[in-house]
Protein chains: 2
Amino acid sequence: MNWIQTNKNFQLPPDGRHLVGVSGGRDSVALLHWLIERGYKNLVVCHLNHQLRGRSSDADARFVSQLPQKYDVHFELGSTDARSIAAKQKISIEAAAREARYKFFARIAKEQRATTIFLGHHADDLVETFLINLFRGAGTGGLGAIREISTRRVDDVDLTIVRPLLAVWRNEINNYVRKHRLKFREDASNKDLGALRNRIRGQIVPYLEKALGRNIRATIWRAAMIAAEEESWIDDQLPNSRGTELEVRRLRELPLALQRREILKWLRGRKMANIGFEVVEQVRSLLDPEARVAKVNLSQDRHVRRRAGKIFIE
Amino acid sequence: MNWIQTNKNFQLPPDGRHLVGVSGGRDSVALLHWLIERGYKNLVVCHLNHQLRGRSSDADARFVSQLPQKYDVHFELGSTDARSIAAKQKISIEAAAREARYKFFARIAKEQRATTIFLGHHADDLVETFLINLFRGAGTGGLGAIREISTRRVDDVDLTIVRPLLAVWRNEINNYVRKHRLKFREDASNKDLGALRNRIRGQIVPYLEKALGRNIRATIWRAAMIAAEEESWIDDQLPNSRGTELEVRRLRELPLALQRREILKWLRGRKMANIGFEVVEQVRSLLDPEARVAKVNLSQDRHVRRRAGKIFIE
C-alpha cells in the first residue's frame, strides 16, 4: 500500500497535539491506525454524533469511544441534530452535518490548543466530489474541491485540515483494514451520504469505466489535484478579503478569473456557506455600472448589496 | 437564438480581413452565414481537404468552394494527407488533421495579411472536449480546453483564433440552419472525429443526462469556461517562455502550479504538439536535485534533457 504525500514540503511533528476526525467507518478507522503506526501519539479522536440514524448513530459513537482506550489517546464526543439544522437553515442534510462537524472540530481545537485536524478523505472521495461539483455546478465555484492540505476559518478558529489518504484508493484502504484486522462500523459514514454522491459512486463511475475501458478515476484524480493547486495558487494571489466590504472600483480592475475568486473568498470569509457559482456570478453582476439590480439574495434571509461604491452583506 | 459574446472587451471590426475555417459541415456553414449577416464582408473562407474519406472529402471541398461565390468572399483551398502524416509522426489522425489545418491557416493568414481566424466550435464541442481531456488525462495538462479567444503560434505566424459560437448549443445551430435554409454536408466534420469523441457525444453525455436527471451540459460548459479563464490568467503571469532553455534554479522557486504551466508553455513554444500531463510531470521531475534520470523521451525521437542547470530539447 502506498501512502503518498503529494506535498513534500508539509511536515507535521508526530509529538504535536493533533485532532483526528473519526466517524467509525472504514476510512477513518484506517486513518487513525495509520497515524498511530506513524508515531502520532498525542492525538485527540473527535466524533460528532449527527443523530441521523437513531440507535445506529448511537452505536457508532459507542464504537468510536472505545478506540481511544485501545490506542491510548484522548477522546472528544459531540452531538448535534443535523436534520433539524438542515430544516431550519434550508440547506441539505449533508451540508448541515458538515457544517456542524467543522464547528465541533473548531471548538475542540480551541479547547485542546491544537490547530490541525486529520480527516480520512481518500482518492475515490476526491474523484466523486470532483464529479459532484462538475455535474451540480455548485460547491466551490471551482473544480479543485478537496485539498490535501487546506485551511478553514470556523468561529474565529483557523483550522488546518490534512488529508493524508487523499492519494490512497478505497480498495487499498480495504486491504489495509483487512491486513490489520481493524474493526469498523460498515454504515457509519456511507448511509449519511447525499443521494447524488451515492449515485455517482454506485452507478456513474462504474459505468464510465466500463464504457470508456480506461482507468478514468486516475485521470480525474489527477485533474482534480491540478485544479486544486491552481485554484489554491490563484487564491494566494488575492489580497486578504476578511474585510466587511468589497470595493467596487478595485474589484472591477481585476481580471475576470480573479473577480470570481475574490468574491468567493470574501463570501466565505463572511461565513456564507455553500456558495455556488450562481451566487458568485450574481454578486459579480453588481460590478456592472449599468446594473439595475443592486441586491443579491443569499440563503438564510441575507443579502449582498451595492451602495456608494461598496459591496456588503446585510 | 442567443449569440452570446462572453468576452465583451474583445471587438473585431467587420471591415477587417479575417479568415474563417469552413469544413462544409453544419456548424461552419452556420458560422459563415452568421458572420456575413453581422456585416463581416472581407472574409477568406479556408477549407483544407484532409483526404480522409476519398470522394466524399472531394465533394466536401467542391461544396465549400461554391459558398464564397454566394457570399462574395475570398476562397482558399488546401489539401493534405492526414493519414500518412499521422502514420509518419506516430500521432492520431485527429491530431494530424488538426495540425495540418493550423499550418494551412497560418500560411493563408500570412499570404492574406490577416491575423484572425473564426472557427465554428460550439458549446457542445466545448463540453465534449472538456470530458475528453478529463477522461484521457491528456491534451492540455488542464481542463480549460477550448477558449473563446486564443492565440496560437504556428510557423512564425501568430494566429488569433475566435470562436463566436462557443456559447451556442448544437440544437440552436440546427434551428438556425433550418430557419435560413442553409445547405451543408452532413458528414463533413463528424466522420473525421476520433472514436472517443464520438462515444462521448453519442453515449456518455446522453447517459449522464438521463442518469442524473439534470442539464449537466450547462454545468460542464460553465466549469470549462471558468477553467479556461483561470488557466489563461495563470499563463499570463508566467514569464515569456520562448527561450530555448529553462533554468532549473528559477523553475524550482516557482509554486507547483506555475512549474507545470511554465513547462507546458515552454514545450508548446518549442513546437512540441500534444503534450500531455505525463510529459509535463516527467520534465518537472528533472527539477529534483536527487533525480537520477536526466532525460525525458518525447514523440518524434526528441528528448528533454537536464545538463548544467538547464533544461533543453534535443
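This report concerns the structure included in the present document. (Residues numbered from 1 in each chain as written. Chains lettered and ligands numbered in written order. Predicted model: local features only at pLDDT ≥ 70, side-chain atom pairs only at ≥ 80, totals over all residues. Heavy atoms only, no water.)

## Quick look at the nonpolar core
With 54 residues, the main nonpolar core has L134(A), F135(A), L134(B) and F135(B) as its most contacted residues. Secondary-structure elements contributing two or more residues to this core are α5 (123–136), α7 (195–212) and α8 (216–237) of chain A together with α5 (123–136), α7 (195–212) and α8 (216–237) of chain B. Non-local contacts of F135(A), meaning those with residues more than four positions away in its chain, are made with I200(A), I204(A), L208(B), L212(B), R214(B), I216(B), T219(B) and I220(B). With 50 residues, the next largest nonpolar core counts I234(A), I263(A), L267(B) and I275(B) among its residues. (Core = buried A, V, L, I, M, F, W, Y, C linked by side-chain atoms within 4.5 Å. Buried < 20%, exposed > 50% of the residue type's maximum accessible area, 1.4 Å probe, protein only. Helix = DSSP H or I, 4+ residues; strand = E, 2+ residues; numbered from the N terminus. Contact = heavy atoms within 4.5 Å.)

## Details of the sheet that holds strand β7 (residues 246–247) of chain A
Residue and element names in this part refer to chain A. Ordered by their spatial adjacency, four strands build an open sheet running β7-β10-β9-β8, and the pairing between neighbours is antiparallel. The open sheet has two edge strands with one neighbour each: β7 and β8 (295–297). Sheet topology note: the β7/strand β10 (residues 310–313) ladder contains two bridges and is antiparallel. Opposite E247, over in β10, you have K310 as the bridge partner. (Pairing = 2+ DSSP bridges.)

## Considerations on α5(A)
All names here are of chain A. For α5, with 14 residues, the first-to-last C-alpha span of 20 Å sits near the 20 Å given by 1.5 Å per residue. Taking burial as the measure, the 14 residues of α5 include 13 buried ones, the bulk of the element. Just downstream of α5 lies G137, where phi reads positive at about 65 degrees. (Expected span 1.5 Å × (residues − 1).)

## Structural notes on the pattern of salt bridges
Residue and element names in this part refer to chain A. Under the criterion given, the structure shown has 47 salt bridges over all chains. R217 is paired through a salt bridge with D124; the nearest N and O atoms lie 2.4 Å apart. Of the two residues, R217 is situated in helix α8 and D124 in helix α5; the sequence distance between them amounts to 93 residues. Judged by its relative accessible area of 22%, R217 is partly exposed. The class for D124 is buried, based on a relative accessible area of 4%. A salt bridge links D125 to R201; the shortest N-O distance between them is 3.6 Å. (Salt bridge = Lys/Arg side-chain N within 4 Å of Asp/Glu carboxyl O.)

## Observations concerning the packing of aromatic side chains
As enumerated under the stated definition, the model contains eight aromatic pairs over all chains in all. When the centroid spacing of 5.3 Å and the interplanar angle of 70 degrees are considered together, the rings of Y40(A) and F118(A) count as edge-to-face. In this pair, Y40(A) is assigned in the loop between α1 (26–37) and β2 (43–49) and F118(A) in strand β4 (residues 116–118), connecting sequence segments 78 residues apart. This pair shows no difference in class: Y40(A) is buried, exactly as F118(A) is. Geometrically, the ring pair formed by F104(A) and F105(A) is tilted, given 6.0 Å between the ring centres and 45 degrees between the ring planes. The exposure class of F104(A) is buried, given its relative accessible area of 4%. By the ring-pair criterion, three or more aromatic residues cluster together here, those being Y102(A), F104(A) and F105(A). Of note, R152(B) hangs over the ring of Y102(B), and the distance from its end group to the ring centre comes to 3.9 Å. (Phe/Tyr/Trp six-rings, centres within 6.5 Å; stacked < 30°, edge-to-face > 60°. Lys NZ or Arg CZ within 6 Å of the ring centre and 35° of its normal.)

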